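These are the residues of each chain, in order.
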Amino acid sequence: MRAIGRTLFRLITFLLIVGLVVGVLGLYLVRRSYPVIEGDVHVAGLDAPVDIIRDTNGIPHIYASTTHDLFVAQGYVHAQDRFWQMDFWRHIGQGRLAELFGKSQVESDTFLRSLGFTRLSELEFAALDDEAKEVLEAYAQGVNAYLADHSGTKLSFEYATLVLQNRGYEPEPWEPIDTLSWARMMSWDLGANMGSEIARAVLAGTLPRSRVDELYPPYSSDRPFILPESSPYAGGDPVTADPVAGLTNANLAAMLGSTATWIETLDALIGQSGAEVGSNNWVVAGSKTSTGLPILANDPHLGIQMPSIWYEVGLHCDGACPFDVTGFSFAGVPGVIIGHNERIAWGVTNLAADTQDLYIERLNPDNPEQYEANGEWIDLEIRTETIGIAGTTPKEIQVKSTRHGPIISDRYGPLENFGSEAGVEVPINYAIALKWTALEPARLVQAVLSINQAANWEEFREAVSRWDIAGQNFVYADVDGNIGYQSSGQVPIRSAGDGRWPALGWDGATEWTGFIPFESMPTVLNPPEGFLHSANQQIADGSYPFYLAYDLDYGYRGDRIVDVLTDATQVDIAFMAELQRDNRNLGAEEVTPALLAIPTDKPLVGDAQHILNDWATIDAYQQSADLPGAALYAAIWRNVLRLTFHDEMPERFWPDGGSRWFEVVNSLLRQPANAWWDIASTSDVEGRDEILEFAIIAAMNELRDELGDDPTEWRWGDLHEATFRNATFGESGIPPLEWLFNRGPYAVGGGGSIVNATSWNAADGYEVVALPSMRMIVDLSNFERSRTVHPTGQSGHIYHPHYIDMAESWVLNDLHPMHWDRGSVEADAEGTLTLKP
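Since this is a predicted model, take the numbers as computed values, not measurements.

Colleague: Looking at this model, I keep getting lost on the pattern of salt bridges. Mind explaining?
Modeller: Where side chains of opposite charge bring their charged atoms close, a pairing between them can arise. Counting across every chain of the model gives 36 salt bridges. For Arg96, the salt bridge identified is with Glu172, shortest N-O distance 2.9 Å. Residue Arg96 is located in the loop between helix 2 (67-93) and helix 3 (97-101), and its partner Glu172 is located in the loop between helix 7 (158-162) and helix 8 (176-190); the two are separated by 76 residues in the primary sequence. On the basis of relative accessible area, Arg96 is assigned to the buried category, the value being 10%. Note that Asp779 and Arg785 form a salt bridge whose closest N and O atoms lie 3.1 Å from each other. Residue Asp779 is classed as buried on the basis of its relative accessible area, which comes to 2%. Through salt bridges with shared partners, a single network forms among Asp51, Asp318, Arg822 and Glu826.

Have a look at this one:
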């Protein structure tokens, strides 16, 4: 026994020593990548010394004498804090993921290569003006100056993990096209229309067109447009759907379903896309604020990720260079995307204009490398791409394109019954091509740099006119008291149709004939309402002379924002912050009365109705983290969608529960015998009241299982949690790695189509999938009073003090100062690094 005890003691001692050594070694490897933030570093090619002062939130404020030096320093600090993120992003944008992760990413790369972002970026760089080229080259110089002295774990801990599957990988020097390819990838993230186009066509393979149309209702005239009521295009009926029939066929649906798989793959890499990935912004004129000058607010909604997609930075010129700007940047991209300079402030939401069309191309049955165009067989454009694969030999692929764009379907197939359904000659073989504004060279970098330097409304609009892809709704304010709204982006004009359904590619009947002129894009300056807003909904009514989009947000967030701001006076920073975290669920306001009206003799249903009634009358439909009623309503809503739609829809298109489904269900509530209410798998014919009662019972049982038997102890935040996952090793399926890289969960309030837009997907559960990726409030009377926060932290290095230090503040909406004056930066400094020539 004593020998066994000694052996056990030695074993435990040995394991403790091993654990201690591993822990110390791990800590050493982790800390190796932490950036130096104090002292001097020599960087070749600088014109003069550059000061980088980091405040106590880890935010760098850069002070340089020349434009060149300013952007060298921005590249340097991005690489210090986020180089793994930058490296990963450029591999996505260029379709080179297999170079990092091996065979598992070959299919992703194959699809990404079909988009041709690298080739486009090379063309784009060649066409840029001299200023933009010089900035991109200076930025790359700064990144590479950091890479010259850092590699492996000194660069980021992820490279230590990557060694396990890709021992020989060394990051390449940064190039301007790396910036341009990732900037274009962001336009994919914001271009949601193709998913809706695919979904319609797939659903129409098994459902009548009339039932598919019920799932895509028109925008309600009861909801506000982005343009204010004083605009000539905001008082009429909404945009209606084009009556042109969509192309529907079971085989086409199957091919489009496989194309949808590619979209899901990209969503997994860069975050959720779609209608729920939107944003809020608004600006209030001085006539309604406590300061007499405007206050502007913005919170973009993007897929949840770790680290944050945003990187806060201040760019200041001590000398004659024209930049003096602060706000939010993307690691890998120079300049400030959202923020303010010394004269103006701006914020953005996704315009979500319909800039993507799918074309069904007829292929020559005797020569599959030809397609038909206006009665002639035309050779496909074919190029060969080589995909490098970690650990094995490269793979060559062919990328094929038509006049409309790249072929993105992964297989060909016969289009049976097509003629009888669409009234055209049946093609023997076909493929699907994508036409998209982002598949042409763009000027996004020029737009960003010009906005950063704009000093007034006219210069701002000129700058925004260059923002040609991933169109945005800009709100604007300046120190002279002006407020404005400007839409951006190239939006196609079609010869026929509205882009909601795949089009015939061979007859020339539904081609793009041009783009909406920038001078005709919706814009407003100093409206009498005293405020402007956007929340991804319809911009203008049906009288606006150009078609922008049909598939947009249905206006619930916008409705709440307008309701709060219309009668507001003496607006201040605190008021704006409170509105940003507003949890009122307008969708529930329309569904809950129907739930309460169900006649029932079931005690469980009666208990639920009592909880819902208190939530509606006492808690005012607030989807707050600590409310039982909020948890119950969410569970009922999820079960209503499950019982109503899952049995007749493919799983990948099950309802996510966002604003479109608010509108769909609201319409069905007025039709108690509509066929959607019937459960196809039962012999009974169910109606509205039966489904609502089933949903209540299912929700009550679900919450008892998940949260306990006492409803007073239920909390929405116990279901609705935000977990920040590293997009690479945090999604590996290897628990120790996920534990190292991921953080959370955090209990949060809000939900989809609520101003506090912590979206969840009702098809999967209650976990947060998209969120306010930052919150910013700018006070034009005193920039030092401006406030902001983003969800994680500035650093991309695990266990760094700034890796997750903002999360609790983000949950509570406890915004930190958005420092502007150098004196305030120095007073709050945690380190000053000087880059010297």
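Colleague: Quick question: what am I supposed to make of the pairing of strand 30 (residues 829-836) here?
Modeller: The side chains of a regular strand alternate, residue by residue, between the two faces of the sheet. In this sheet, strand 30 lies alongside strand 1 (residues 39-42) in parallel orientation, the contact comprising four bridges. Paired with Asp40 across the two strands is Thr834, which belongs to strand 30. Examined bridge by bridge, strand 2 (residues 50-55) and strand 30 share six bridges and lie antiparallel to one another. Bridging from a neighbouring strand, Asp55 pairs with Ala829 of strand 30.

Colleague: I keep staring at the environment of Arg211 and nothing clicks. Help me out?
Modeller: You can see Arg211 is positioned in helix 10 (residues 209-214). A C-alpha to C-alpha distance of 8.6 Å links Arg211 and Trp676, two positions 465 residues apart in sequence. Apart from the residues within four sequence positions on either side, Arg211 is in contact with Glu648, Ala675 and Trp676.

Colleague: Could you clarify how one ought to interpret the environment of Val36 in this entry?
Modeller: Structurally, Val36 is set in the loop between helix 1 (2-32) and strand 1. Filtering out sequence-adjacent residues up to four positions away, Val36 remains in contact with Gln80 and Leu833.

Colleague: Help me understand the state of the cysteines, please; the structure alone is not making it clear to me.
Modeller: Note: disulfide means a covalent bond formed between the sulfur atoms of two cysteine side chains. Summed over the entire model, instances satisfying the criterion amount to one disulfide. Paired through a disulfide, Cys317 and Cys321 show a sulfur-sulfur distance of 1.5 Å. With the S-S bond torsion at -55°, the cross-link from Cys317 to Cys321 turns out left-handed.

Colleague: Can you help me understand unusual backbone geometry in this one?
Modeller: Cis geometry marks the peptide bond from Met306 to Pro307, where omega comes out at 0°. Checked against the element boundaries, Pro307 lands in the loop between strand 5 (295-303) and strand 6 (310-317). The omega angle of the peptide bond from Gly744 to Pro745 is 10°, so this bond is cis rather than trans.

Colleague: Looking at this model, I keep getting lost on the packing of helix 17 (residues 586-596) against helix 18 (residues 603-617). Mind explaining?
Modeller: For any two helices packed against each other, one specifies the crossing angle of their axes together with the interaxial distance. It is at 10 Å that the axes of helix 17 and helix 18 come closest, and there the two elements cross at 145°. Crossing handedness for the pair helix 17 and helix 18: left-handed. Here Ala588, Thr592, Leu595 and Leu596 of helix 17 lie close against helix 18, whose contacting residues are Gln609, Leu612, Asn613, Trp615 and Ala616. Across the contact of helix 17 with helix 18, the residue classes tally to six nonpolar, three polar and no charged.

Colleague: What's the story with the packing of helix 17 against helix 19 (residues 628-645) in this structure? I'm lost.
Modeller: Following both chains from N to C, one finds helix 17 and helix 19 inclined at 80°, their axes separated by 11 Å at the closest point. Of the possible angle classes, the one that applies to helix 17 and helix 19 is roughly perpendicular. Residue-level inspection shows Gly587, Ala588, Val591, Thr592 and Leu595 of helix 17 in contact with helix 19, the latter providing Tyr633, Ile636 and Trp637. Taken together, the residues that form the contact of helix 17 with helix 19 break down as six nonpolar, two polar and no charged.

Each value, and the rule that gives it
- Residues numbered from 1 in each chain as written.
- Predicted model: local features only at pLDDT ≥ 70, side-chain atom pairs only at ≥ 80, totals over all residues.
- Heavy atoms only, no water.
- Salt bridge = Lys/Arg side-chain N within 4 Å of Asp/Glu carboxyl O.
- Helix = DSSP H or I, 4+ residues; strand = E, 2+ residues; numbered from the N terminus.
- Buried < 20%, exposed > 50% of the residue type's maximum accessible area, 1.4 Å probe, protein only.
- Pairing = 2+ DSSP bridges.
- Contact = heavy atoms within 4.5 Å.
- Disulfide = S-S within 2.5 Å.
- Axes fitted to C-alpha atoms, helices over the stretch in contact; angles between N-to-C directions.
- Left-handed = near helix turned anticlockwise from the far one by under 90°.
- Nonpolar A, V, L, I, M, F, W, Y, C, P; charged D, E, K, R; others polar.
- Parallel < 35°, antiparallel > 145°, perpendicular 65-115°, else oblique.

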